[in-house]
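Listed here are the chains, written in short residue letters.
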Amino acid sequence: MTSFDSSPTLTAWRALLAVAVVFVMLATTGWTAVRHQRSDEPRTVALADWARGRVAGRALPDADAPSYRLAHFFATLTAAQRASLADKYPLVVGNLNGAPVALRYRANRRAVAQARKVEQRRMHDVRLSPAGRAEAVRRMHRFDSMLARGRHFLAFDPSGKGRAAEVFGSLDRAERISVIVPGVDTNLLTLERSEPKVNAAPVGMAKSLYAAERAARPGTRTAVIAWADYTTPAGIGMDAALGNLAERGAVRLNALVGALPGTAPVALFCHSYGSVLCGVAAHELPARVGDIAVAGSPGMRVENAAQLRTGARVWAMRDRDDWIEDVPNLEFGGLGHGADPVSPGFGARIVSAGDAVGHSGYFEPGTESLGNFAAIGTGSYESVSCAPADGACRERITGSRAV
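Residues numbered from 1 in each chain as written. Predicted model: local features only at pLDDT ≥ 70, side-chain atom pairs only at ≥ 80, totals over all residues. Heavy atoms only, no water.

Caption draft 1: Region of the structure containing the overall build of the protein chain. Broken down by element type, the protein chain carries 13 helices and 10 strands. Taken over 403 residues, the protein chain has a buried fraction of 52%. Counted over contacts in the protein chain with a minimum sequence separation of 6, partners at least 24 positions apart contribute 69%. Carbon together with sulfur atoms contributes 55% to the accessible area of the protein chain, which is approximately 18000 Å² in total. (Helix = DSSP H or I, 4+ residues; strand = E, 2+ residues; numbered from the N terminus. Buried < 20%, exposed > 50% of the residue type's maximum accessible area, 1.4 Å probe, protein only. Contact = heavy atoms within 4.5 Å. Areas by Shrake-Rupley, 256 points an atom, 1.4 Å probe, with all protein chains shown as cover.)

Now the structure itself:
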């Protein structure tokens, strides 16, 4: 790791490099701006049906209403009425911040089952190309896996490439909650992977962290959320170099955290482009977020941790073999994500990545990186291993909220 050099000559070269990168990306990949959802996509149709719906003679609340209003609405219903809404409007109820957690699980299980039936039909639809039918097969298998007994989804939307959020542990009873925010190329088909890359996907990351937290502090009730509920950049293109998707995702992340049940402290674990999102979200995060830990970060769209304007502790790590180290840390005309979080001048607590393997190996069982994440997630700050490059790290691990 090297310190962040802000000399005029280096700044000028970085500006020229940024301009060159823009032209190369525009020439080779095109501008991959997010398209609005089509009017026939499943959740769009479900929202329109919800807007016309009623329960016990009452109009249903706006699906975009604040979570406290939605929580109050569901509290006024009987158990049978709540279940009826979940069964009739699963793609809406399953994604409502403010709806009871167990009700969202029920709704999303029904929504996944419905999505599976759609893909079963599509895989035999001769009007689709062979590639289209093959994708339907892959999606059907993904939904098969998601319907396995004991899985709990806090969010699910099959529209487009799809989004989801899975919970491990009990959110309602948790004393500590961890949220994993993944990076590029995250969608329903990459939500989970098989060996050997199982811990490189959001579900594998969450399972690994949940197990490590339970081992680190068996007496503490923890819950971990694999939060793949935002539209991520597709590959290393223009969307990955810009902050547009991070800004949209930050709104969703803040809404999620603001609606979590109870008062348990929350820690965010933000990987790769997910750290960009966490940086954008930081200044509006609820006060219960006490820790923001980034790994393999291209930047958090600020020049130092103080500019995040958060009371949360900020942690950063990067493995010595992570290719992200070669990405220029700059911001020029909206391109790039700012300073390197593991540079000493940034002001984060730099912790050891130990024997993590490359850009996607931070959640591998037995690694020092995962052990540090587990210590942060359970509030066991005295067990965190600082990186040798940060001599002040140990002095600042006091449990206080100051950065």
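Caption draft 2: How the structure looks around the packing of aromatic side chains. One pass over the structure, following the stated rule, counts seven aromatic pairs. Look at Phe-269 and Phe-373: their rings are 5.1 Å apart centre to centre, the planes differ by 70°, and that puts the pair in the edge-to-face class. One end of the pair, Phe-269, is in strand E7 (residues 266–271); the other, Phe-373, is in helix H12 (residues 368–377), and 104 residues separate them in sequence. Under the relative-accessibility criterion, Phe-269 is labelled buried at 1%. In textbook terms, an aromatic cluster arises when at least three aromatic residues are bridged by ring pairs, as seen for Phe-269, Phe-363 and Phe-373. The ring of Trp-315 has Arg-349 lying over it, and the distance from NZ or CZ to the ring centre is 5.3 Å. (Phe/Tyr/Trp six-rings, centres within 6.5 Å; stacked < 30°, edge-to-face > 60°. Lys NZ or Arg CZ within 6 Å of the ring centre and 35° of its normal.)

Caption draft 3: The arrangement of unusual backbone geometry in detail. Cis geometry is found at the peptide bond from Glu-195 to Pro-196, where omega equals 5°. Positionally, Pro-196 belongs in the loop between strand E5 (176–181) and helix H8 (202–216). One non-glycine residue, Ala-56, lies in positive phi territory at about 55°. Assignment of secondary structure puts Ala-56 in the loop between strand E1 (54–55) and strand E2 (58–59). Despite not being glycine, Arg-301 shows a phi value in the positive range, around 65°. Note on placement: Arg-301 falls in the loop between strand E8 (289–295) and strand E9 (313–317).

Caption draft 4: Quick look at helix H7 (residues 130–146). For H7, with 17 residues, the first-to-last C-alpha span of 25 Å sits near the 24 Å given by 1.5 Å per residue. For H7, the full list of buried residues reads Gly-132, Ala-136, Arg-139, Met-140, Arg-142, Phe-143 and Met-146. Viewed end-on, H7 has its buried residues packed into an arc of 160°, placing them on one side of the element. Residues Pro-130 and Ala-131 are exposed on H7 and point more than 90 degrees away from its buried face. Packing partners of the buried residues in H7 comprise helix H6 (101–122), strand E3 (152–157) and strand E4 (163–169). (Expected span 1.5 Å × (residues − 1). Arc of directions from axis to C-beta.)

Caption draft 5: View of helix H3 (residues 67–75). By the burial criterion, the buried members of H3 are Leu-70, Phe-73 and Phe-74. Seen from one end, H3 has its buried residues packed into an arc of 95°, which puts them on one side. Exposed side of H3, more than 90 degrees from the buried face: Tyr-68, Arg-69, His-72 and Ala-75 are the residues found there. For H3, the elements touching its buried residues are E1, E2, helix H4 (79–88), helix H5 (90–93) and H6.

Caption draft 6: Local environment of the environment of Val-92. Following the sequence through the fold, Val-92 ends up in helix H5. Judged by relative accessible area, which is 0%, Val-92 ranks as buried. In this structure, Val-92 is in contact with Arg-43, Ala-46, Leu-47, Trp-50 and Ala-63, ignoring residues within four places of it in sequence.

Caption draft 7: Representation of the pattern of salt bridges. The tally for this structure, following the rule as stated, stands at 17 salt bridges. Arg-106 is paired through a salt bridge with Asp-87; the nearest N and O atoms lie 2.8 Å apart. You can see Arg-106 sitting in helix H6 and its partner Asp-87 sitting in helix H4, a full 19 residues away along the chain. Classification of Arg-106 by relative accessible area gives partly exposed; the value is 42%. By relative accessible area, which is 23% here, Asp-87 ends up partly exposed. (Salt bridge = Lys/Arg side-chain N within 4 Å of Asp/Glu carboxyl O.)

Caption draft 8: Examining the sheet that holds E3 more closely. Pairing is mixed in the open sheet, where eight strands are placed in the order E3-E4-E6-E5-E7-E8-E9-E10. Edge positions in the sheet fall to E3 and strand E10 (349–350), since each has one partner strand and no second. As judged from the six bridges shared by E7 and E8, these two strands associate in the parallel manner. If you follow His-271 over to E8, its bridge partner there is Ala-295. Here H6 sits on the sheet in contact with E3 and E4, set at roughly 55° to E3. (Pairing = 2+ DSSP bridges. Axes fitted to C-alpha atoms, helices over the stretch in contact; angles between N-to-C directions.)

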